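A structural walkthrough
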Amino acid sequence: MSADGAPADTAFRVADRLGGLEGPWDVFAERSRLYEIHLNGLRVEMVRGPIRLEGYGIRLLRRHGDVLGVGFQASTELSADGVARTVSEAETVARWSEFPAPKAQLPTAPGPLRTFDILDPTLERDAAGALDAYVAALRGAFEGKADAVPSFGSVKAIVAETTLANSSGVAARYVHSMVEEELAIKSFGGPEGRPPGEYWYTGSERRLRPEALPDRVEQWIRCARDARRAASPPSGNLRVVLPPEVLEAILPGVIGFKFTGAAQLRHMAPEIGTTVGPASLSVVDDGTLPWGAGTTPIDDEGTPRGSRPLITGGQVSALLYDQLHAGALGTTTTGSARRGSYFHHVPGRRYMGRVAPSSSTTVVAPGTGGTEAELIEAAGDGLWVQQIGWASPEAATTAFGGEIRLGYRIRGGKLAEPIRGGTVGGLLMAPNGGPSLFHDLEAAGSRPVLCGEVYTPALLVRSMTVAGAGSGTATAAP
Amino acid sequence: MPDLRDHEHEFQRLLRTLEPRTAFAEVFAQRREGESVSVDSKSVTAAKSPQLGGFAVRAWTGQRWIETAASAFDAGAIAATIEEIGRGLAHGDGSSPPPGPSSTTVGSHDAMPSRPVRDLGTDRLVALEREVFRWSMSVPGIVETQALADWADDERYYLNTTGSRCYQRVSRVRTGVVPIAIENGRTEINFYDSGGIGGEEILGAMTEERARQTAETAHALLTAKPPPTGPMNVVLDPGVAATFAHESFGHGTEADQFVRQRSYLQPILGQMVGPDFLTLVDDGSIPGAWGSVYFDDEGHPGQRTTLIDHGRFVGALHDRESAALLGAAPTGNTRRADFLSRAFVRMTNTLVVPGDWSLDELVREAGEGVLLERWSSGMEDPAGGQMQLKVQYGHRIEHGRLTDLVSSMALSGSVLEFLRSIRGTGPSRSFEITAGMCGKGHGDYLNVGDGGSYLLSRALVGPA
């Protein structure tokens, strides 16, 4: 069944209209339905959906001497004339583009696709109804909370049917879902007369999890309360614990480029064998992780997904390739083709993006650091950074950093007073063993959590630079 | 060339069908297409950006808005929309009107330029970017460069049941260069970009001198010192001051946040928040500016709205609903990223009006501190009133003079304290409007212009 119950198979219909078009070509298509509920406080302000989007991108590979012309055009025009126009535009583009691959080659048929947990069955059955029930549960979880309400929020659910066809015989189809949630929780009242505090949660996952709401709402409210009384952090080089929510804002933005053939082609990828962290550090790209945001049966040009160790024992062990970059670099694809940009891997809209190698779900191997409480105890004195305004990771330099929206001082091995404001940042990886998050990794927790495009435990970093206006300074232990 | 107004008959029929069941309904139709070209040392990438077309229908049930959208204009898509909206209206109170004034504006602006970049053709665009690439790569120490240009034609047509019909078509053009320097394993990048509404003339902003300067700075960053940390005097360059206007202050003036009682600015409307020489506006009516609109996506004309007038916080940005609830008028700031995205209060071009201090005077006045240059990102905090601005590099200010180049850093602190600490703004000759993309919450990225000149204040600086 398609995303809306109708026979869709968009890419196959478009492929049928290509007639005798010279290969290699591929058609990547998505047909999606999006549903949204927007809250203003606990009141439903707006209900949107179905938002129906059906579009495709045609890629053509054309050889010009020793380079390859890659023509790409995306469109929502599905008529015969519309497809013909799309092909014509792609041919024009192919004449002027150049890519240093020796062969024009696309994946061949992958055989029966493996199935993965990427589709929420409740959303597949009745997305509008499931979303309605979820929001009712969300509103219910705030009942009786005298000092906290959502100031606004939205929950979006997308069910997308992805189809892919190419001139080498690939004809693949899968259906997947994604939920995007955003909620600002305001804490107010109380005897101290402070202005309201806010915790602003955003997150995405493949399914609705109403059963998790009571605990999550309690945590969000606790964060909003703490934001009210938070003070600026001190300045200095501190031991810092970064939970999965913060790592999700840093790792994919850097690893999704730095560990790929696109970076290697431009001499910006780390050499295989380079030491980037302690022997305890291992990072895997896993496109098969159940419910992973980056999990799909095939990559976005038709190669089956797999899992690939990127850092093993602290050393760079592999990079990620799509078909074209693999060809240019004399290696084979790792099934890591993705469409869309770092900010726009949204199901339903991926067809708009060009193909490039990128990460799927970044998995940081659990360590021996134990529970988060044990990591805090090991930190002794330092900071727990709960949320950064925007970590804005810079893929080429690996620099990241931003304002601390909420955190906690760690004193005597325990979480102490909340902090807010100031900045924390640094490099994810540094040349020649210079200071960086990976190099200064002291311990990884033992309990990984799936959070957007990462599956990671909290990490204890020996030293990160913090700039705050709080009194005093602090310095990490050597 | 096809025109969205070709579908007017179908859209009007759709509205007439819904009219007996609702006090208000509207159609927003959009078509967008464009092209992007990028040249680096290994590849020339050209891609036509999506031909994206479709429409959204929004209707008022008496209690809330409901909306559907489809990426097609055919009879089947329109019939499905009528059925879906009709289902949503079945349980509502069809006679109760939505809050705020419904637009009755009728107008048309087909602002296609005399020299559209579309007409250049892919070959000429590639040739231009090859030249930009060569300019940058000619700088010693630059090992890679990405030269890029893109254009997008955006056509929008708004109709509603109160008679409004607003058509607009604009072409947005952008050009940029990203030089990369690598030495001893250390990588540094810099970038320059410029954009606006218009045609081929916008590409002229990318001169050889700009491309080379951008590349020279990237190379110099390899030996840049770490930034200073802590509270200090800061001079923002025009792009950073512009980002402050948008991210740090502007988001707090979006009045949907007032309705949610979520803006730290709401309680101080009417109060002095900065020095009397400080004026800050949102202006969607600036010809050719990146964030300008002829009409917003509720059918209200784009306009200039003063937010801070000589130091006093005097205004906010409204859609119909916030205007009704707060006793104001819509300000032409209701925008959709595209027909797939909701309409809500967004900025257009948000500007700090320039003053009369030269950069030398501001640096002298600062005495000790840092000049923040080349903005790279910003993040809003409308509830807490904190700020985050990240820049690619800067220069130390010591004894009233610019000294060492320092690497990327972030500025943070309280927006209100920053405003109160402003001691001078730069001259109009340094004023610029940048071409940015703004997300609000989780996504909904759209074109916004941010404007400013140099600005001296005090804030917390740290690594980024």
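Cut-offs and rules
Residue numbers here run from 1 along each chain, matching the order of that chain's written sequence. Chains and ligands are labelled by the order in which they are written, letters from A for the one and numbers from 1 for the other. In view of the model being predicted, local features appear only for residues whose pLDDT reaches at least 70, and side-chain atom pairs are presented and counted only at 80 or more, with totals across whole chains, interfaces and linings using the full set of residues. Excluded from the side-chain calculation are hydrogens and water; included are all heavy atoms of the structure. Numbered from the N terminus, helices here are DSSP runs of H or I no shorter than four residues, and strands are runs of E no shorter than two. Classification of residues uses two cut-offs on accessible area relative to the type maximum, computed with a 1.4 Å probe and protein chains only: under 20% is buried, over 50% is exposed, and between them is partly exposed. In this tally, Asp and Glu contribute negative charge and Lys and Arg positive charge; neither His nor the terminal groups of the chain are included. Each salt bridge in this description consists of a side-chain nitrogen of Lys or Arg and a carboxyl oxygen of Asp or Glu lying within 4 Å of one another. For this analysis, a polar contact is any N or O atom pair within 3.5 Å, provided that within protein one partner can donate a hydrogen and the other can accept it, and provided that sequence-adjacent residues contribute only side-chain to side-chain pairs. Whether two residues are in contact is decided by their heavy atoms: any pair within 4.5 Å suffices. Segment limits for the domains were obtained from an automatic or database-derived domain assignment. Once two parts are brought into contact, the accessible area they lose, counted with a 1.4 Å probe and summed over both, makes up the buried area. For this classification, Asp, Glu, Lys and Arg are treated as charged, while Ala, Val, Leu, Ile, Met, Phe, Trp, Tyr, Cys and Pro are nonpolar and the rest, including Gly, are polar.

With respect to the side chain of B:Asp444
As for its placement among the helices and strands, B:Asp444 is situated in the loop between strand 20 (432-438) and strand 21 (446-452). It turns out B:Asp444 is buried and unbridged, and the closest side chain with the opposite charge, A:Lys156, is 4.1 Å from it. Reaching out from B:Asp444, the side chain makes a polar contact with the side chain of B:Ser341 at a distance of 3.3 Å. Not counting the four nearest positions on each side in its chain, B:Asp444 is found in contact with A:Lys156, B:Ala337, B:Ser341, B:Arg342, B:Phe344, B:Arg346, B:Cys438 and B:Gly439.

A few points about the domain arrangement of chain B
Residue and element names in this part refer to chain B. Partitioning chain B into structural domains gives domain 1 (4-223) and domain 2 (230-463). Centre-to-centre separation of domain 1 and domain 2, based on C-alpha positions: 22 Å. Taken together, the 49 residues of domain 1 in the interface contact 37 residues of domain 2. For the pair domain 1 and domain 2, the two sides together bury roughly 3500 Å², of which 57% comes from carbon and sulfur. Scanning the region where domain 1 abuts domain 2 turns up 3 salt bridges. On inspection of domain 1 and its partner domain 2, the count reaches 20 residue pairs in polar contact (both at pLDDT 80 or more). Of the residues forming the side of domain 1 that touches domain 2, the biggest block, 7 residues, is contributed by strand 6 (residues 165-183). Across the side of domain 1 that touches domain 2, the residue classes break down as 23 nonpolar, 17 polar and 9 charged.

A look at the domain arrangement of chain A
Residues and elements named next belong to chain A. Domain annotation of chain A identifies domain 1 (10-228) and domain 2 (230-478). A C-alpha centroid distance of 22 Å is found between domain 1 and domain 2. Between domain 1 and domain 2, the contact holds 52 residues from the first and 41 residues from the second. Across the domain 1 to domain 2 interface the summed buried area is about 4000 Å²; carbon plus sulfur atoms make up 64%. In this assembly, domain 1 and domain 2 are joined by 3 salt bridges. Residues Arg350 and Glu30 are paired through a salt bridge, measuring 3.1 Å at the closest nitrogen-oxygen approach. For the side of domain 1 that touches domain 2, the elements supplying multiple residues, two or more each, are strand 1 (25-40), strand 2 (43-64), strand 3 (67-75), strand 4 (148-166), strand 5 (171-187), strand 6 (197-205) and helix 4 (213-228). The element best represented in the side of domain 1 that touches domain 2 is strand 2, accounting for 6 residues. The residue makeup of the side of domain 1 that touches domain 2, split by class, is 30 nonpolar, 11 polar and 11 charged.

So, unusual backbone geometry
In this structure, the amide linkage connecting A:Gly23 to the following residue, A:Pro24, adopts the cis form with an omega of -5°. Within the secondary structure, A:Pro24 sits in the loop between helix 1 (10-16) and strand 1. Even without a glycine there, the phi angle at A:Asn432 is positive, about 55°. Relative to the assigned elements, A:Asn432 resides in the loop between strand 17 (423-427) and strand 18 (441-444). Taking relative accessible area as the criterion, A:Asn432 reaches 72% and is therefore assigned exposed. Phi angles above zero are rare outside glycine, and B:Gln261 is one such case at about 50°. If you trace the backbone, B:Gln261 turns up in the loop between helix 6 (256-259) and strand 10 (280-283).

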